[in-house]
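# A structural walkthrough
These are the residues of each chain, in order.
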Amino acid sequence: MAEAYPANEERPRRRGRKVLVTLLVLLVILAGLLVAADRIAAGVAERAITDQVRQEVAKQDAQSSEPEVKVSGFPFLTQVLDGKYERISIKLTDVRGSVRGDAVTLPTLDVDARNVRASLETLRTQQGDVTAETVDGTGTITYESLAKLLDRPGLTLSERDGTLAVTAPVDILGQKLTVTGAAVVTVSKEGKVSLRFNDLDAEGLPNIPLARTLLNNYAKGISIDVPLPELPFQLALREVRPLPQGLAVTAAAKNVPINSAG
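Everything in this summary refers to the structure shown in the same document.

## A few points about the overall build of the chain
Scanning the chain from terminus to terminus reveals 5 helices and 11 strands. A burial count over the chain gives 40% of its 262 residues as buried. Summed over all atoms, the accessible surface of the chain reaches about 15200 Å², with 53% contributed by carbon and sulfur.

## Here we look at a nonpolar patch on the surface
There is a patch of nonpolar side chains on the surface, built from L173, I208, L210 and L214 and spanning about 320 Å² of accessible area. Checked against the element boundaries, L214 lands in helix α5 (residues 209-221).

## Points about the side chain of T93
Inspection of the secondary structure puts T93 in strand β2 (residues 84-99). Since its relative accessible area comes to 18%, T93 is described here as buried.

## A few points about the nonpolar core
Core analysis: the largest hydrophobic core is formed by 59 residues, its most contacted members being V135, L155, L157, V193, L195, F197 and L200. The element that contributes the greatest number of residues to this core is strand β3 (residues 102-117), accounting for 6 residues. Once residues lying within four places of it in the same chain are set aside, the contact partners of L155 are A147, L150, V166, T167, A168, P169, Y218 and I222.

## Things to note about the pattern of salt bridges
Tallied over the full model, the rule gives 5 salt bridges. Members of the salt-bridge network, linked through shared partners, are R87, D112 and R114.

## Details of the sheet that holds strand β9 (residues 225-226)
If you trace the 5 strands from one edge of the open sheet to the other, you get β5-β6-β7-β8-β9, paired in antiparallel fashion. A strand with exactly one partner marks an edge of an open sheet, and here the two such strands are β5 (156-160) and β9. Note: strand β8 (residues 193-202) against β9, 2 bridges, orientation antiparallel. If you follow S194 over to β9, its bridge partner there is D225.

## Things to note about the side chain of S223
Inspection of the secondary structure assignment puts S223 in the loop between α5 and β9. The residues contacting S223, other than those within four sequence positions of it, are L195, R196 and F197.

## Examining the environment of S158
As for its position among the elements, S158 is in strand β5. Judged by its relative accessible area of 33%, S158 falls in the partly exposed class. The spatial distance from the C-alpha of S158 to the C-alpha of G246 is 7.4 Å, given a sequence separation of 88 residues. Setting aside residues no more than four positions away along its own chain, S158 makes contact with Y143, T163, L164 and A165.

## With respect to the packing of aromatic side chains
Tallying each qualifying case throughout the model produces 0 aromatic pairs. Its end group placed over the ring of Y218, R152 keeps NZ or CZ at 6.0 Å from the ring centre.

## Here we look at helix α4 (residues 143-150)
Taken across its 8 residues, α4 has 6 buried, putting it largely inside the fold. Along α4, the positions that sit buried rather than exposed are Y143, S145, L146, A147, L149 and L150. Within two residues after α4, D151 carries a phi angle of roughly 55 degrees, on the positive side.

## A word on unusual backbone geometry
Its identity is not glycine, yet Q234 carries a phi of approximately 60 degrees, on the positive side. Mapped onto the elements, Q234 comes out in the loop between β9 and β10 (236-243). Positioned with a positive phi, N255 is a non-glycine residue whose angle comes to about 50 degrees. Looking at N255, the relative accessible area reads 58%, which means it is exposed.

Definitions and limits used
Residues numbered from 1 in each chain as written. Predicted model: local features only at pLDDT ≥ 70, side-chain atom pairs only at ≥ 80, totals over all residues. Heavy atoms only, no water. Helix = DSSP H or I, 4+ residues; strand = E, 2+ residues; numbered from the N terminus. Buried < 20%, exposed > 50% of the residue type's maximum accessible area, 1.4 Å probe, protein only. Areas by Shrake-Rupley, 256 points an atom, 1.4 Å probe, with all protein chains shown as cover. Patch = residues over 30% accessible without salt bridge, like charges linked within 9 Å, V, L, I, M, F, W, Y side chains within 5 Å. Salt bridge = Lys/Arg side-chain N within 4 Å of Asp/Glu carboxyl O. Core = buried A, V, L, I, M, F, W, Y, C linked by side-chain atoms within 4.5 Å. Contact = heavy atoms within 4.5 Å. Pairing = 2+ DSSP bridges. Phe/Tyr/Trp six-rings, centres within 6.5 Å; stacked < 30°, edge-to-face > 60°. Lys NZ or Arg CZ within 6 Å of the ring centre and 35° of its normal.

See the structure below:
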């Protein structure tokens, strides 16, 4: 014969389960509110830093589209209280600066700032320094803007097998020829993009010393050190290499302000 248990013994168990479920729901809601508050705070900081970045770019007499700023790290609120941010990513597009009267164009300039210090008061009032321990920048110079600096009619630049290739029409001893070759691309001691066209050739070049001398003189004329427009955030050129979309440049700096101090 089955033993019957009083119904009132089940009620405390049911109440306990209800309390547990209620607590879990409250915890989920609280966690959601914290995440939402965290993201709202991140958005406020991103807008404040965007304004500061815009001012810094303007200081360099450069132009760009609206900066895109993303503050990384979670939880964000603890970074705000500490005044130190793990990483701030800044993307500038259509960056244009003047060099020798011509505009050098960088379709994109990606800036990665690490260990950024910015007090809550600085973000609130936009007065004070936003300083990064390290800043790395990567961008691409279009071949079109680079060719304009070389100032040779019909000259085109492109990437071929990892090198900077050149093609240009020339007139040598009355013959219209097409020059082809490649450049050695390095960073000069002065922090400029060094182009050295040491190995040019032209099909049909007359086999006489004067023709070769004229071709060598043309190569020297387009072998220059290209000064880049002053980069924001005190970025200094470190590396340059040809890519299909343009000449990729890498720059870096340490312990620099990424804003205009108020």
